[in-house]
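Observations on the three-dimensional arrangement
Chain residues, written in single-letter form:
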Amino acid sequence: SRLALWENVEAKRLPFEGLGALSAGASSRLLQDYPEAQRNEILDLLFKPQYGASLQVLKVEIGGDTQSTDGSEPSHMRYRGETPDCSRGYEAWLLQEAKARNPLIRTYALAWGVPGWIGNGTFFSEDNIHYHVSWLKCIKERYDIDIDYMGLWNEMPWGDVWYVFDLASAIKDAELSTQLVLLDQASSTASADFLSLFRRDERFQELVAAVGLHYPCVSDPKLLDALEAHPHTRFWSSEELSTVADWGGAGCWGRMINQNYVRMKATSSIAWSLIWSVYPNLECFGNGLLYAYEPWSGHYEVMAPLWTSAHTTQFTKLGWNYLPVGDAAGLLPEGGTYVTIASSDLSDFTIVIETLTGRCMYHDGCFHTKTPQEVQHLEFQLSDNLTAAARGRDLEVWATNATHWFRRLEDLRVDPEGILRISMEVDAILTISTLHEATKQGQRASSPKDAPEIPQPAPFPLPFQEEFDAVELHRSPPFFADQGGTFEVVEDMDLVRGTRLNRVLQQQVLQVPIGWSGAAPEPLTLFGGTNWTDVDVEVSARFEGPTSGKFTPLQPFGHQTVLSLLEEGKKRSRKARYVGLCARVLRYTFFNTGGKPQGYCLQVTDDGLSAMWTLTASSEVVAAGALSDASKEKIARKGWLQLRLEVSKARIRALIDGETVSNIIDTSLPMGQVALNCGYHKCQFDNIKAKKGKGEANPRRMAALLVEHLEDVRQTASNKLLSLAMEFHPFKAARAAGLRL
């Protein structure tokens, strides 16, 4: 099949604005905790030109202390008037590392949520304009990084024209060069109100550098027509991929890079996520160009999507142009796509061809309109200018398929008639380029050797102990992943003498944030092995000061005493505070749940008048009671409570200040992590210890305890149930009673 490659007139070409990835939703949390050698190699693989993914755009979240998919990222300004601190979290650090490796990388920022003080709970407000501009200024002043682009609110309504005008004016008044991107909506089409305003308002048009949609897949004719009339504004796929990083995900990503331009004239595509560097029991596990979620071992995995990225990034430069669809880009005759990206003077060019068949997670896979099924023998007829650029030069050819990633093939040359010939297999991506700088981790051989050695995977260390004294102040401790609020290390103060004692972990967010998708889960931080089973864990916990916070009593389960205690707690819930310790957190889910840990959680609640404890399983109360007088006295004196959970097989034992408050049997949660939780008030934790549990008691004792438990929660147990229990079949007994054990 012969395909013509013609550059057309310059006015018909669109700027190539880079291929990038998104660090957001806390998906990069654990990367900073890696040993230096492995951390640097990972960062090189992401950002170093002509080395790995060689990303040309880095998009980051502007943290808001609220859950944004796989965790909460810290805010730079937690209350009105606070001096901005954009060093919190890891996005500013990541921007630094990216710029150090590639000073030309473009930067882009977007908020998922913001602190609750903004606009007294209103996102689109003058407060929020000040908040966003203060972050831009902080990044510029502290790190000398200009943020090139900024969006408004991730996958939420875009607001109103006054907000866009005032935000743009504030950016200009601050002498910043940041341009605005709208809409960052998860849709294939732009909203009608935006399009109507964009068509008629020239000032608005000038303020919108790009229209970004998430996972668009198919073109929006109305949007393309509007952009055609105003070429200053381009179209981007500003969030893309979100698919597991196996070969299928690599195929999705490689196809979208080409297809987004061919179908929609998208001049930039940005993958979420940059890296999967968060625990595997969280939402959307498996997205990313690399996997790096074992900082304690240093183990990481280079995934195929990294190399499908390289087929474009290692052979192009910002400032080059996409040659027009229909002239030098389009569909392959038997399925697949091709694009041509060239320097402005046409002295260098790159052709990227793909027949990838991997399924994307959206739009029923977002496949080709025609499925590639056989090898295609292609002839590209180059224009006179492109022929002149290629004549007498070896054109490099690199290919990736399911078994060989980013492999250099034999060079090509254009024939005297200006024709390039290549055979294209099914489910592959191939690049032909005049550039000779591409490498696979620094090596240009077709089968590179001596790649950095990657440490072997290892389980999370157990026993584990953290006293926080060696952790940098105002930072999250290693291996802790916040899922709501923000937990940071602070100096503990002697309340009487005013002297410094030691460092402790403190929850810092005092007001419920304006959350993404309307949800702002309660503060919680996770750590530990996702496969921990029998474990004893304890922590010192206390309330810091008599501040009020948000407390929502959990749904009750069990006998009337629990019901009455919880009902009484509801009456004073506006003033209640709580601290908690969880074990066997099997999963933490955010979407459609509002953020609930699926684990066993021991929680102490204090409303200033009374104090009680609850034990929950997957956020359902299974036991509750009043706190002892000694523990109440500790709370009154702002002293430390000792919380402990011992989980061994089906035995769940909860202790407060050394006293057993609950001892139950439950089989619903077989394994998981440890978590600390707290309301939207300050609370402190110290001296965390986790060790392997002692193992299960003998079956006769287990059956006796089972009967005791069943009699307590179900007074009318059947004779069959009791006989089964006495025969030491606790799990059968539970099924017969319809109970979760």
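Residues numbered from 1 in each chain as written. Predicted model: local features only at pLDDT ≥ 70, side-chain atom pairs only at ≥ 80, totals over all residues. Heavy atoms only, no water.

Quick word on empty space enclosed by the protein
- Inspection of every chain in the model, using the stated rule, returns six cavities of 30 Å³ or more.
- Counted as a void, the largest cavity has a volume near 110 Å³.
- Lining the largest cavity are 15 residues, and of these Gly-63, Pro-74, Arg-88, Glu-91 and Trp-135 sit closest to its centre.
- Every element with two or more residues in the lining of the largest cavity is listed here: strand E4 (57-62) and helix H2 (91-101).
- Within the lining of the largest cavity, the residues separate by chemical class into six nonpolar, four polar and five charged. (1 Å grid on protein atoms, 1.4 Å probe; cavity = no way out; pocket = protein on both sides within 12 Å on 5 of 7 lines; lining within 4 Å. Points joined across faces, edges and corners; volume = space filled by probe spheres on them. Helix = DSSP H or I, 4+ residues; strand = E, 2+ residues; numbered from the N terminus. Nonpolar A, V, L, I, M, F, W, Y, C, P; charged D, E, K, R; others polar.)

Topic: the sheet that holds strand E28 (residues 577-589)
- Here seven strands make up an open sheet; going across it, the order is E23-E26-E35-E28-E29-E30-E31 and the pairing antiparallel. Edge positions in the sheet fall to strand E23 (481-484) and strand E31 (620-626), since each has one partner strand and no second. With strand direction ignored, the average angle separating the axes of adjacent strands in the sheet is 20°.
- By the bridge criterion, six bridges tie strand E30 (residues 611-617) to E31 in an arrangement that is antiparallel. Bridging from a neighbouring strand, Ala-617 pairs with Glu-620 of E31. (Pairing = 2+ DSSP bridges. Axes fitted to C-alpha atoms, helices over the stretch in contact; angles between N-to-C directions.)

Let's talk about the pairing of strand E9 (residues 234-241)
- Taking burial as the measure, the eight residues of E9 include seven buried ones, the bulk of the element.
- Sheet topology places strand E8 (residues 208-214) next to E9; five bridges connect them, and they run parallel. Bridged to Leu-213 within E9 is Ser-237.
- At this point the chain moves from E8, through helix H7 (residues 221-229), to the parallel E9, and the crossover so formed is right-handed.
- Across four bridges, the pairing between E9 and strand E10 (residues 266-272) is parallel. (Buried < 20%, exposed > 50% of the residue type's maximum accessible area, 1.4 Å probe, protein only. Right-handed = clockwise from strand over helix to strand, strands pointing away.)

Overview of the packing of helix H5 (residues 192-200) against H7
- Following both chains from N to C, one finds H5 and H7 inclined at 20°, their axes separated by 10 Å at the closest point. Here H5 lies roughly parallel to H7, going by the angle between them. You can see that H5 and H7 cross each other, and the crossing is left-handed. Where H5 abuts H7, its residues Leu-195, Phe-198 and Arg-199 lie against Lys-222, Leu-223, Ala-226 and Leu-227. (Parallel < 35°, antiparallel > 145°, perpendicular 65-115°, else oblique. Left-handed = near helix turned anticlockwise from the far one by under 90°. Contact = heavy atoms within 4.5 Å.)

Details of the confidence of the model for the protein
- Confidence in the prediction of the protein, expressed as mean pLDDT, is 90, and 88% of residues score 70 or more.
- Note on residues 545-574: pLDDT under 50 across the span, and 57 contacts to partners over four residues away in sequence or across chains.
- Predicted confidence is poor over residues 708-741, with pLDDT under 50, and the contacts of this stretch with residues over four places away or in other chains come to 47 contacts. (pLDDT = per-residue confidence, 0-100.)

As for helix H4 (residues 161-173)
- With 13 residues, H4 should cover 18 Å at 1.5 Å per step; its first-to-last C-alpha distance of 18 Å lies within 8% of that length.
- Those residues of H4 that fall on the buried side of the exposure criterion are Tyr-163, Val-164, Phe-165, Leu-167, Ala-168, Ala-170 and Ile-171.
- Structurally, H4 contributes buried residues whose contacts are with helix H3 (126-143), strand E6 (149-150), strand E7 (179-185) and helix H6 (202-207).
- Of the residues trailing H4, Glu-175 is marked for its positive phi of about 60°. (Expected span 1.5 Å × (residues − 1).)

Concerning the pattern of salt bridges
- Per the stated rule, a full pass over the model turns up 33 salt bridges.
- Residues Asp-534 and Arg-584 are paired through a salt bridge, measuring 3.3 Å at the closest nitrogen-oxygen approach. Here Arg-584 lies in strand E28 and Asp-534 lies in the loop between strand E26 (524-527) and strand E27 (535-543), a separation of 50 residues in the sequence.
- What makes Asp-534 buried here is its relative accessible area of 9%.
- Note on Arg-584: relative accessible area 2%, which makes it buried.
- Salt-bridge contacts for Glu-646 lead to Arg-653; the nearest nitrogen and oxygen are separated by 3.0 Å.
- Judged by its relative accessible area of 17%, Glu-646 falls in the buried class.
- It is possible to trace a salt-bridge network through shared partners that takes in Asp-536, Glu-538, Arg-644, Glu-646 and Arg-653. (Salt bridge = Lys/Arg side-chain N within 4 Å of Asp/Glu carboxyl O.)

Some words on the state of the cysteines
- What the rule picks out here adds up to five disulfides.
- At a sulfur-sulfur separation of 2.1 Å, the disulfide partner of Cys-86 is Cys-138. Its S-S torsion of about -80° marks the bond between Cys-86 and Cys-138 as left-handed, since a negative value means left-handed. Residue Cys-86 is located in the loop between E4 and H2, and its partner Cys-138 is located in helix H3; the two are separated by 52 residues in the primary sequence. For the pair shown, Cys-86 and Cys-138 are each scored as buried.
- Across the disulfide from Cys-217 sits Cys-366; the S-S distance is 2.1 Å. (Disulfide = S-S within 2.5 Å.)

Things to note about unusual backbone geometry
- Omega for the bond connecting Trp-272 with Ser-273 falls within 30 degrees of zero, at 10°, which places this linkage in the cis form.
- Inspection of the secondary structure assignment puts Ser-273 in the loop between E10 and strand E11 (290-294).
- In this structure, Thr-69 takes a positive phi of about 155° despite not being glycine.
- Topologically, Thr-69 is positioned in the loop between E4 and H2.
- Using a relative accessible area of 8% as the deciding quantity, one classes Thr-69 as buried.

Observations concerning the packing of aromatic side chains
- Following the criterion strictly, the structure yields 39 aromatic pairs and no others.
- Judged by centre distance (5.8 Å) and plane angle (65°), the ring pair of Phe-124 and Trp-153 falls under edge-to-face. Of the two residues, Phe-124 is situated in the loop between strand E5 (106-111) and H3 and Trp-153 in the loop between E6 and H4; the sequence distance between them amounts to 29 residues. Exposure class is identical for Phe-124 and Trp-153. Each is buried.
- Aromatic side chains Phe-468 and Phe-480 sit 6.0 Å apart centroid to centroid with 65° between the ring planes, which places their arrangement in the edge-to-face category. Of this pair, Phe-468 sits in the loop between strand E22 (464-466) and E23 while Phe-480 is found in the loop between E22 and E23, placing the two residues 12 residues apart along the sequence.
- Looking at Phe-468, the relative accessible area reads 1%, which means it is buried.
- Aromatic ring contacts, followed pair by pair, group Tyr-279, Trp-296, Phe-460, Phe-464, Phe-468, Phe-479, Phe-480, Phe-527 and Trp-532 into a single cluster.
- The ring of Trp-307 carries the charged tip of Lys-440 above its face, separated from the ring centre by 5.4 Å. (Phe/Tyr/Trp six-rings, centres within 6.5 Å; stacked < 30°, edge-to-face > 60°. Lys NZ or Arg CZ within 6 Å of the ring centre and 35° of its normal.)

Overview of helix H1 (residues 36-47)
- When the terminal C-alpha atoms of H1 are compared, their 16 Å separation across 12 residues agrees well with the 16 Å that a helix rising 1.5 Å per residue should span.
- Of all 12 residues in H1, nine are buried, a share of seventy percent or more.
- By the burial criterion, the buried members of H1 are Gln-38, Arg-39, Glu-41, Ile-42, Leu-43, Asp-44, Leu-45, Leu-46 and Phe-47.
- Packed against the buried residues of H1 are E4, H2, E11, strand E12 (299-302) and helix H9 (304-313).

Description of the side chain of Asn-258
- Along the chain, Asn-258 turns up in helix H8 (residues 247-264).
- Leaving out residues up to four positions away in the same chain, Asn-258 has contacts with Thr-337, Tyr-338, Val-339, Val-352, Ile-353 and Glu-354.

Some details on the side chain of Gln-483
- Residue position: Gln-483 is located in strand E23.
- Within polar-contact distance, the side chain of Gln-483 engages the backbone oxygen of Asp-70 at 3.3 Å.
- Separated by 3.3 Å, the side chain of Gln-483 and the backbone oxygen of Ala-481 make a polar contact.
- Excluding residues that lie within four positions of it along the chain, Gln-483 makes contacts with Gln-67, Asp-70, Gly-71, Ser-72, Leu-282, Leu-524, Thr-525, Leu-526 and Tyr-588. (Polar contact = N/O pair within 3.5 Å; in protein donor to acceptor, adjacent residues only side chain to side chain.)

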